[in-house]
Amino acid sequence: MDEPQIPLAEAHINMDILPFHDPGPDLTLPLPTELLIEIFTLVTYTKFEDLQDLVEPDYYACRWGNILSTCRRWREVAIATPSLWTSIHLSWPRHVISTFLERNTGSHIDVALNEDILEAAFDPVDGDGDGDDDFPLALGRMERLNICWDPLIGYDEFLDVVHGLPHINWEGSLERFTALYSRNVAMRLNMVWLLPRNLRHVNIRCSDVSIHILNFLSSDLTLDTLILHEDLDDNSIPIPPNLIWDPNAPIVDLSLIKQLSIGWCHPEFFDMIYPRLTRPVTTELVFSINRHEFSTVLTSIPLSCLDFFRLSTSLSIHCDPHNRYSTTPTYPFIIQCSALDMGVGPFHFNFNEWEGGENRSEELTHLYHELTTSQYSCNHLTSLNLSTTNLPYATILIKLFEPLISLHELIVRTLDVGPLFVALELRASASGVPLCPELVSLDIRKSQFNPWELLDVLRERHQLHLPNRKLKKLQLTVGAQFRAKDLRKPKKSAKRRKNAKQRKEGLAVVFRELKNEVEDYNAEEGLWLSEEALEDVIV
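Thresholds applied
- The numbers attached to residues start from 1 for each chain and follow its sequence in the written order.
- It should be noted that, the model being predicted, local features are given only for residues of pLDDT at least 70 and side-chain atom pairs only at 80 or more, the latter also being counted only at that level, while totals for whole chains, interfaces and linings use all residues.
- Derived side-chain values reflect all non-hydrogen atoms in the structure, with water molecules and hydrogen atoms excluded from consideration.
- Among buried residues, those of type Ala, Val, Leu, Ile, Met, Phe, Trp, Tyr and Cys that are joined through side-chain atoms within 4.5 Å constitute a nonpolar core.
- For each residue, the accessible area found with a 1.4 Å probe, counting protein chains only, is set against the maximum for its type, and the residue is called buried under 20%, exposed over 50%, and partly exposed in between.
- Pairs of residues are marked as contacts when any of their non-hydrogen atoms sit within 4.5 Å.
- A side-chain nitrogen of Lys or Arg and a carboxyl oxygen of Asp or Glu constitute a salt bridge if their distance falls within 4 Å.
- In DSSP terms, a helix is any run of H or I states spanning at least four residues, a strand is any run of E spanning at least two, and both are numbered starting from the N terminus.
- Pairing of aromatic rings covers Phe, Tyr and the six-membered ring of Trp, with a centre-to-centre limit of 6.5 Å; geometry is then stacked below 30 degrees between planes, edge-to-face above 60, and tilted otherwise.
- Structural elements are reduced to axes, namely lines fitted to C-alpha atoms, with helices fitted over the stretch in contact, and the angle between N-to-C directions of any two is expressed from 0 to 180 degrees.
- Reported orientations rely on four angle classes, namely roughly parallel under 35 degrees, roughly antiparallel over 145, roughly perpendicular from 65 to 115, and oblique for the rest.
- Three residue categories are used. Nonpolar comprises Ala, Val, Leu, Ile, Met, Phe, Trp, Tyr, Cys and Pro, charged comprises Asp, Glu, Lys and Arg, and polar comprises the others, including Gly.
- By the criterion applied in these results, polar contacts are pairs of N or O atoms within 3.5 Å in which, for protein atoms, one can donate a hydrogen and the other can accept it, and in which residues neighboring in sequence qualify only through two side-chain atoms.
- Disulfides are defined as pairs of cysteine sulfur atoms found within 2.5 Å of each other.
- By definition here, a helix of n residues has an expected span of 1.5 Å times n minus one.
- Arc, as used here, means the arc of the directions from the helix axis to the C-beta atoms.
- The patch calculation keeps residues exceeding 30% relative accessible area without a salt bridge and links them within 9 Å when they carry like charges or within 5 Å when they are nonpolar (Val, Leu, Ile, Met, Phe, Trp, Tyr).
- The protein chains shown are the only cover counted for residues, whose accessible areas, like all others here, come from Shrake-Rupley with a 1.4 Å probe.
- For this count, His and the chain ends are skipped, Lys and Arg are scored as positive, and Asp and Glu as negative.
- A charge is said to be at NZ when it belongs to Lys, at CZ for Arg, at CG for Asp and at CD for Glu.
- Note on pairing: DSSP must find at least two bridges between two strands before they are called paired.

Looking at an unreviewed UniProt entry, one finds the chain named F-box domain-containing protein and attributed to Sistotremastrum niveocremeum HHB9708.

As structure tokens, this is what we get:
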């Protein structure tokens, strides 16, 4: 007997009998069950950091409801797949949470809650005091906890509140969960001991930790990841007035942490924290720097890190190439550097911008200019990644490349790599030896280029180099205008048809010769940055 049909608007009221009708034969029957589960997972999956999105009552009705109401097979597969029911929000109606807990027979669940939990109170649905609804919700399998509370609450007070909820049985999960994401839950120094000893991943607001970051890091927590976040709109991490660090305080050892991320903060805050840390090369430091007004990107690098920056062997510079039309990107300027062979792990710096991105092009030009100065030049680079919307004039690139005699790998993501080819030509060098003489790998994928110019550069460099110093690896993207299918529609006139045919044949020859010039050749089909549609770029 078919199950009763229920209006979709009522789907969030009775989760255990979500709207179902038999639309006829299952058109997806040939699809393997494993593939259906993968599709359902993509539809229902929510990142741990975004679990607060589940608070919307229509969220689960639309996602899970659509799957359960499509056909009988989908419903049976979904209900029998525990991994689809691992995330819950405690502001949901009690019977919805109970349904998720019943269908998730796995070993863990992810829980999100906010201050609305105080109003929900989880009163029995039937109100008669009988039945399963009178039993507390068992959350003993909770592995990850996402909290967003308004107004600010201390972690000790938060524990008192949630432990006092009558219809939830935490079964000790608040003392043993492994991942915590929280906003507006203050972690004062005297509260660190309240956190579970097996906590591994923490993402909390910086201001909730206040000046106790070093004490937090030096606690006996064995963390893998620690993210101390502060919204940029909140004017970065506050530095208390008249703050004096104890010069005799022990150095904090980060040997167990794989990633420490702090920000947004001013460079001075980094300079107070970094000298008191020691770390292995396996630990990555990520700092989001809130620049002082009108300061350039490179002048905002903390002073305590400047020497290391100049000694870096690997450098990546990103200036929003994939979101170039967006005026408010999250991280408009990104600099990553490392010197693993010198025993120093990677740094990752995010920098904000001024005036909503209106001066980003000018700031990018300043960045390239400063890289050519003695104060910020990185002469020890073996790997360089320039992922910026535009490249500077070739004259600036020439000055940038002149000291890079040990550069082995060059990656460029930009609208047009024309200036790069000019800088790599022989005539750009005053010594008669091409710039970056040790270059063996060139990656210009996603970037528009002229294949004939690239072939000329490669041939010229190879003719002047010893065989063991040739460029060996080349990666590029064959843009739409180079692909054969776009050359099969010549103009009407015979002359234009002949020109199109010659161009097609010429392209085939030049790409074949490019392949022959290197040992490792990878030409992928795809879109250049300059070919991508506006909506694709912004997304």
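J.: Tell me about the nonpolar core, residues and numbers included.
T.: The nonpolar side chains of a soluble globular protein tend to be buried, and buried together. By size, the foremost hydrophobic cluster in this structure holds 140 residues, and its most contacted members are Phe309 and Phe401. Not counting chain neighbours up to four residues away, the residues in contact with Phe401 comprise Leu384, Leu410, Leu420, Ala423, Leu424, Leu435 and Cys436.

J.: Outline the pattern of salt bridges, listing residues and values.
T.: As enumerated under the stated definition, the model contains 7 salt bridges in all. Asp307 serves as the salt-bridge partner of Arg310, at 2.4 Å between the closest nitrogen and oxygen. One end of the pair is Arg310 and the other is Asp307, both in helix H10 (residues 303-310) and 3 residues apart, which spans about a single turn. With a shortest N-O distance of 3.1 Å, Asp443 and Arg413 are connected by a salt bridge. With a gap of 30 residues between them, Asp443 in strand S18 (residues 441-443) and Arg413 in strand S17 (residues 409-413) connect regions that are remote in the sequence.

J.: Outline the packing of aromatic side chains, listing residues and values.
T.: Taken as a whole and assessed by the stated rule, the structure comprises 18 aromatic pairs. Between Phe40 and Trp74 the ring centres are 5.2 Å apart and the planes differ by 65°, which places this aromatic pair in the edge-to-face class. One end of the pair, Phe40, is in helix H1 (residues 33-44); the other, Trp74, is in helix H3 (residues 72-79), and 34 residues separate them in sequence. Just as Phe40 is buried, Trp74 falls in that class too. Taking the centre distance of 5.2 Å and the plane angle of 15° together, the rings of Phe270 and Tyr274 count as stacked. In this structure, Phe270 and Tyr274 share a single accessibility class: buried. Taken together through their ring pairs, the aromatic side chains of Phe270, Tyr274, Phe287, Phe308, Phe347, Phe349 and Phe351 make up a single cluster.

J.: Quick one: what's the story with the packing of H1 against H3, residue by residue and with numbers?
T.: For the pair H1 and H3, the least separation of the axes is 10 Å and the interaxial angle reads 75°. The orientation of H1 relative to H3 falls into the category roughly perpendicular. Contacts between H1 and H3 involve Thr33, Leu36, Ile37 and Phe40 from the first element and Arg73, Trp74, Val77 and Ala78 from the second. Within the contact of H1 with H3, the residues separate by chemical class into 6 nonpolar, 1 polar and 1 charged.

J.: Give me the side chain of Arg291: which residues, what numbers.
T.: Relative to the assigned elements, Arg291 resides in the loop between strand S12 (284-289) and H10. Only 2.7 Å separates the side chain of Arg291 from the backbone oxygen of Ser295, close enough to count as a polar contact.

J.: I'd like a rundown of unusual backbone geometry, residues and numbers included.
T.: For the bond running from Asp150 to Pro151, omega is 5°, close enough to zero to count as cis. With respect to the helices, strands and loops of the structure, Pro151 is situated in strand S4 (residues 142-154). Cis geometry is adopted by the peptide bond preceding Trp264, which originates at Gly263 and carries an omega value of 5°. Phi is positive for Glu171, close to 50°, though the residue is something other than glycine. Even without glycine at this site, Lys446 takes up a positive phi of about 75°. Looking at the secondary structure, you find Lys446 in the loop between S18 and helix H14 (451-464).

J.: Please set out the state of the cysteines residue by residue, giving values where relevant.
T.: The term disulfide refers to a covalent linkage connecting the sulfur atoms of a pair of cysteines. Going through the model one piece at a time under the given rule, you end up with 0 disulfides. Here Cys305 is not cross-linked by a disulfide; its sulfur's nearest cysteine counterpart is in Cys337, at 5.3 Å. On the basis of relative accessibility, which here comes to 0%, the residue Cys305 falls in the buried class.

J.: Outline H14, listing residues and values.
T.: Compared with an ideal rise of 1.5 Å per residue, which puts 14 residues at 20 Å, H14 spans 20 Å between its outermost C-alpha atoms and is within 8% of the ideal. Every buried residue belonging to H14 is among Pro451, Leu454, Leu455, Val457, Leu458, Arg461 and His462, and all of these are buried. Take H14 and look down its axis: the buried residues cluster within an arc of 160°, on one side only. Looking at where H14 begins, the residue whose side-chain oxygen comes 2.9 Å from the main-chain nitrogen of Trp452 is Asn450.

J.: Quick one: what's the story with a negative patch on the surface, residue by residue and with numbers?
T.: A grouping of Glu49, Asp50, Asp53, Glu56 and Asp58 is seen on the molecular surface, where their side chains present a negatively charged patch. Inspection of the secondary structure assignment puts Asp58 in helix H2 (residues 57-68).

J.: Let's hear about the pairing of strand S19 (residues 473-478): which residues, and what values?
T.: Extensive coverage of S19 is indicated by the burial of 5 of its 6 residues. With 6 bridges joining them, S19 and strand S20 (residues 520-525) adopt parallel strand pairing. Among the inter-strand pairings, Val478 is bridged to a residue of S20, identified as Glu525.

J.: Explain helix H12 (residues 394-401) to me, and be specific about the residues and the numbers.
T.: Of all 8 residues making up H12, 6 are buried, and the element is well covered by its neighbours. Those residues of H12 lying buried are Ala394, Ile396, Leu397, Ile398, Leu400 and Phe401. Check the buried side of H12 and you find it contacts helix H11 (360-371), strand S16 (383-388), S17 and helix H13 (418-424).

J.: Which residues make up the environment of Cys265, and what are the values?
T.: Tracing the chain through its elements places Cys265 in strand S10 (residues 259-265). Relative accessible area serves as the criterion here: at 0%, Cys265 is assigned to the buried category. Remark: the alpha-carbon pair of Cys265 and Phe351, spanning 86 residues in sequence, is separated by 9.9 Å.

J.: Account for a nonpolar patch on the surface, with residues named and values stated.
T.: A surface patch of nonpolar side chains, amounting to about 200 Å² of accessible area, comprises Leu35, Ile39 and Val43. Tracing the backbone through its elements, the reader meets Val43 in helix H1.

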